[in-house]
Each structure stands twice: as C-alpha cells, then as structure tokens.
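Descriptive structure summary
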Amino acid sequence: MDKKIKVAICDDAKFLCNGFREQFAEFPDIEPVGAAYCAADCLDLLELTSPDVLLLDIRMETETAGLDIIGDIKDNFPHIKVIMLTSFDDDDYIFAAFANGADDYCEKTTPIDGIVDTIKKVYNNTGSLRPEIAQKLVQRTQEVQRNQLSLLYLYNKISQLSTGEYELLREMYYGNSYKKIAADKYIEIDSVRKMAKRVLKRMEASSMNELVAQLRELKIFEFIDHLDE
C-alpha cells in the first residue's frame, strides 16, 4: 500500500493511547497521527490531524461520552471511519454504537494485529460485520421489534380502562401503594383492591407487581405522556 492509513485515537486512558501509537508505528501502512483523552478534545484533534480512521472509546469521562459524539463526528468529518473501542462486551453498547453511526467495533483486548486488520478493512470498505456482532445486532433488532409490538398492545389495553382504573394503574406505576392511593382519594383500601382486580382482568395480567414491572420495562407511561405533549 502506497498511502499510509492515518489513525487517531480518543481514549481517557493515556497509557492505552500511547501503547496503540507505539504499536501502530511498527506497521508500515499505518500512521498514528495523534490522540485525545476526552470527548471534548476529540473534534479538535480530528480538525487538526484529519485522520482516515478514528479509534474511539465508548466510555470515557461519562458512561456514553464516546457514543454521544459520533453524530458530531459524522456530520463534521463524514470521510472519517469510526471504530468503537471498549473493555466491555455489552450488547446494548454494541447496538448503540452501530445505531449512532460507528463503522465497526473492537474490544481493547483484541490483539494489535486484529485491530490493524479491522482498520484496514474499514478504511478500504471491504469489511463485513463479524458473525458474533451481526448475531447480536439481529437479536437486538428482534428485541426492539417485540418491544414495539408489546408497547402498542399494552397502550391499546390501557386505553380501554376507565378513568379511575387508569389513574390507579398510573399511581401503582409510579410506586404508590394501595394504602396511599386509598388515603389520597379518601376511599377504603378494599375499594382500591377491587379496582385493582378489575385492572388486572382488563390487562390480562396475573399480578399487579408483574404488570407494573412489564409496563416500566417498556416505559409505557413515559410513552403516553409524550403523546399527550
């Protein structure tokens, strides 16, 4: 290869950045051009060095610092390929990285030859998703689709509740007990329990705890509140 691939690194672990730069210098077709140690300095680094490929840590000074700036990178430097680096084999982060626009993904423990191979494939647009990553993306996509169907199903069920039943379910969702609901509404706790049984029957649920847990997992009332805005 006549042209060297210019590679920049953004990671809050300085020793890791230095290690990568030293190892990349041993490859005749890789040129390490600089490093940044926080998300705030990453865009300045890219402006200054104009790399072909950026190795970007997913988690830096905050949980999602790397993920949060991918959009800005792609908007301002569309030619730069972004490879996410992480120490964590977390399906959610893998999915989010690709959803945000990353071109590939590597664990930091990957041998340097493997990282260089990924850099070359990404740079030359010859890479394809590794089987383990492709499988995780498929699984997560299926999960999202299932959640969307569940969300619509539960929303339809909730819309059929009476005003009192809806308010009871909402109170339970936000952590209020039967006792508190009864006290707040100046009614007997037995009346609250009877209404709760009607809610469970309408929602086709076996227990209020399980129903509330399912609703919270899908953030159903946040969804409803968003629709009402």
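It should be emphasised that the depicted structure is a prediction, and the values quoted were computed from it without experimental measurement. Each chain has its residues counted from 1, running along the sequence as written. Two thresholds apply to this predicted model, a pLDDT of at least 70 for residue-level local features and 80 or more for giving and counting side-chain atom pairs, whereas whole-chain, interface and lining totals are computed over all residues. Just so you know, side-chain values use all the structure's heavy atoms and leave hydrogens and water out.

Some details on the overall build of the chain
The line we're drawing: Where helices and strands are cited, they refer to DSSP runs of H or I of at least four residues and of E of at least two residues respectively, numbered from the N terminus. Any pair of residues with heavy atoms lying within 4.5 Å of one another is described as a contacting pair. Computed with the Shrake-Rupley method and a 1.4 Å probe, the accessible areas treat only the protein chains shown as cover for residues.
Tallying secondary structure elements over the chain gives 11 helices and five strands in all. In the chain, the share of contacts with a sequence separation of at least 24, taken over all contacts with a separation of at least 6, comes to 66%. Of the accessible surface of the chain, which amounts to about 12900 Å², a share of 49% is contributed by carbon and sulfur atoms.

Some details on the confidence of the model for the chain
Keep this limit in mind: Confidence of the prediction at every residue is given by pLDDT, a number between 0 and 100.
Mean pLDDT over the chain: 84, with 84% of residues reaching 70 or higher. When mean pLDDT is taken per element in the chain, strand 1 (residues 5-10) scores highest with 95 and helix 6 (residues 131-159) scores lowest with 67.

Some details on the sheet that holds strand 4 (residues 81-86)
Quick note on the threshold: When DSSP locates at least two bridges between a pair of strands, those strands are taken to pair. Convention adopted: a line fitted to C-alpha atoms gives each axis, helices being fitted over their contacting stretch, and angles between N-to-C directions are expressed from 0 to 180 degrees.
The strand order across the open sheet formed by five strands is 2-1-3-4-5, and the pairing between neighbours is parallel. Looking at the sheet topology across the chains shown, the edges are occupied by strand 2 (30-36) and strand 5 (104-107). For this sheet the average axis-to-axis angle between neighbouring strands, irrespective of direction, equals 25 degrees. Pairing of strand 3 (residues 53-57) with strand 4, which is carried by five bridges, proceeds in the parallel orientation. Its bridge partner lying in strand 4, Leu-54 is registered against Val-82. In this fold helix 1 (residues 14-24) packs onto strand 1, strand 2, strand 3 and strand 4, with an angle of close to 165 degrees to the strand it touches most, strand 2.

Focus: the environment of Tyr-153
Applicable threshold: Throughout this description, buried means an accessible area under 20% of the type-specific maximum (1.4 Å probe, protein chains only), exposed means over 50%, and partly exposed covers the range between.
Residue placement: Tyr-153 occurs in helix 6. A residue is classified by how much of its surface remains accessible, and Tyr-153, at 40% relative accessible area, is partly exposed. Residues Tyr-153 and Met-203, 50 residues apart in the sequence, show an inter-C-alpha distance of 9.9 Å.

Some words on helix 7 (residues 163-173)
The criterion, for reference: To be clear, the arc concerns the directions from the helix axis to the C-beta atoms.
Within helix 7 the residues assigned to the buried category are Glu-165, Leu-168, Leu-169, Met-172 and Tyr-173. Each buried residue of helix 7 lies within a common arc of 140 degrees when the element is viewed along its axis, so the set occupies one face. Immediately beyond the C-terminal end of helix 7, within one or two residues, lies Gly-175, with a positive phi of roughly 95 degrees.

Topic: the packing of helix 2 (residues 39-49) against helix 3 (residues 65-76)
A packed helix pair is summarised by two numbers, namely the angle formed by the two axes and the spacing between the axes. For the record, the criterion: If you view the pair so one helix is near and one far, a crossing is left-handed when the near helix is turned anticlockwise from the far one by less than a right angle, and right-handed when it is turned clockwise.
Contact geometry for helix 2 and helix 3: axes closest at 10 Å, N-to-C directions at 30 degrees. Between helix 2 and helix 3 lies a crossing of right-handed hand. On helix 3, the residues touching Ala-39, Cys-42, Leu-43 and Leu-46 of helix 2 are Ala-65, Ile-69, Asp-72 and Ile-73.

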